[in-house]
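One letter stands for each residue in the lines below.
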Amino acid sequence: MNAAKHLIVGNWKMHPSSLAEAKKIFRALLRGMGTYRHATLAVCPPAAYLAALRALYRGRRLIFGAQNCHFLREGAYTGEIAPPMLASLGVRMVIVGHSERRAMGEDNAVVRKKLRAVLDEGMEAVLCIGEAHRDSAGAYLAFLTEQLQSALTGLTAEELSRVCVAYEPLWAIGKSAAESAVRPAHVHEMVIFVRKFVHQRYGGEAAARVRVLYGGSVEPANAAALLLEGRASGLLVGHASIVPKDFLAIAALADRPAL
Ligand code: PGA
């Protein structure tokens, strides 16, 4: 994937409730998708729909992603989905450590194993980090350092180049752009924070290259500011990603050179 382009990832979460509806959304995306010079698009539909949607599109202009996976390659784990299964469907990217998964009991140790498993399978990962609250004393920065430190331990520089870090503050997720308290300055602060973290461990080149996405209440109304003033390398889009016109509007806004 071209690291110089903005990466726009759609996280459909547990929507929509039927395959027919999923196909409708997906077809609308395919119809409206342009040829972007400065943006790369990815969609992460529910795993149940991946194979059917993949059958509708075999190209490489749109990246197929998954929202989660197990950390083992196979085994007696009822209901789980293993990384090789996703890879065999043409999935190239997996979201790891989303706060909604962490809320279901995934701790940093599990997130680390999942990240390892995704990279071992040759796929890319979107590693989500984010604090529940901000405090004036800066304790949230220690919390984020811990999440990063734990997940990235032991990765080689090549492996790190296949990880996008998505900063998703819990206090901004699931809100409309108008209700959300997130500002481009918050995003810019975190882009610098993640690059500094990477700089200390992997050096300047890796720090300049690592992609730092922002996610949480991204809509067409705030996408351009979060990207351009926030200096994010891309966006992780939740509710707006299942509204094709909104997701396509965000993609169009992202189709300008990264700063
Ligand atoms: P949202 O979700 O865009 O609906 O806030 C983002 C996410 O949770 O990835």
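In case you missed it, the structure is sitting above this.
Residues numbered from 1 in each chain as written. Predicted model: local features only at pLDDT ≥ 70, side-chain atom pairs only at ≥ 80, totals over all residues. Heavy atoms only, no water.

Caption draft 1: Layout of unusual backbone geometry. A cis geometry characterises the amide bond from H15 onward to P16, with omega recorded as -10°. Note that P16 resides in the loop between β1 (6–11) and α1 (19–32). Positive phi is not limited to glycine here, since K13 has a value of about 55°. (Helix = DSSP H or I, 4+ residues; strand = E, 2+ residues; numbered from the N terminus.)

Caption draft 2: Seen up close, the layout of surface pockets. By volume, the largest pocket amounts to about 460 Å³. In this structure, the largest pocket is lined by 18 residues; those nearest its centre are K13, Q67, N68, R101 and M104. Per-class residue counts for the lining of the largest pocket are nine nonpolar, five polar and four charged. (1 Å grid on protein atoms, 1.4 Å probe; cavity = no way out; pocket = protein on both sides within 12 Å on 5 of 7 lines; lining within 4 Å. Points joined across faces, edges and corners; volume = space filled by probe spheres on them. Nonpolar A, V, L, I, M, F, W, Y, C, P; charged D, E, K, R; others polar.)

Caption draft 3: The sheet that holds β1, seen in detail. The sheet built from eight strands closes into a barrel, its strands ordered β1-β2-β3-β4-β5-β6-β7-β8 with parallel pairing. This sheet shows a mean twist of 25° between the axes of neighbouring strands, independent of strand direction. Bridging between strand β6 (residues 163–167) and strand β7 (residues 211–215) involves four bridges; their strand directions are parallel. Within the sheet, the bridge partner assigned to A166 lies in β7 and is L213. Sitting on the sheet, helix α8 (residues 184–202) is in contact with β5 (124–129), β6 and β7, with an inclination near 150° to β7. (Pairing = 2+ DSSP bridges. Axes fitted to C-alpha atoms, helices over the stretch in contact; angles between N-to-C directions. Contact = heavy atoms within 4.5 Å.)

Caption draft 4: Layout of empty space enclosed by the protein. Scanning the model with the defined rule gives one cavity of 30 Å³ or more in all. Of the volumes computed, that of the largest cavity is approximately 30 Å³. Lining the largest cavity we find A157, L160, S161, A206, R209 and V210. Going through the elements one at a time, α7 (157–160) and α9 (204–209) are the ones with two or more residues in the lining of the largest cavity.

Caption draft 5: Looking closely at the environment of G203. Among the secondary structure elements, G203 is positioned in the loop between α8 and α9. A sequence separation of 46 residues divides G203 from A157, and the C-alpha atoms of the two residues are 9.5 Å apart.

Caption draft 6: A look at the site of the ligand. If you check the shell around the ligand, you find 13 residues, and the closest are K13, H98, G174, S217 and H239. In this structure, an oxygen atom belonging to the ligand sits 2.7 Å away from a main-chain N or O atom of S217. Between the ligand and the protein, one listed contact pairs an oxygen atom with a side-chain N or O atom of H239 at 2.6 Å. Protein burial of the ligand: of its 280 Å² of free accessible surface, 99% is covered by the chains. Among the residues making up the shell around the ligand, the classes are represented as four nonpolar, seven polar and two charged. (Near = heavy atom within 4 Å. Polar contact = N/O pair within 3.5 Å; in protein donor to acceptor, adjacent residues only side chain to side chain. Areas by Shrake-Rupley, 256 points an atom, 1.4 Å probe, with all protein chains shown as cover.)

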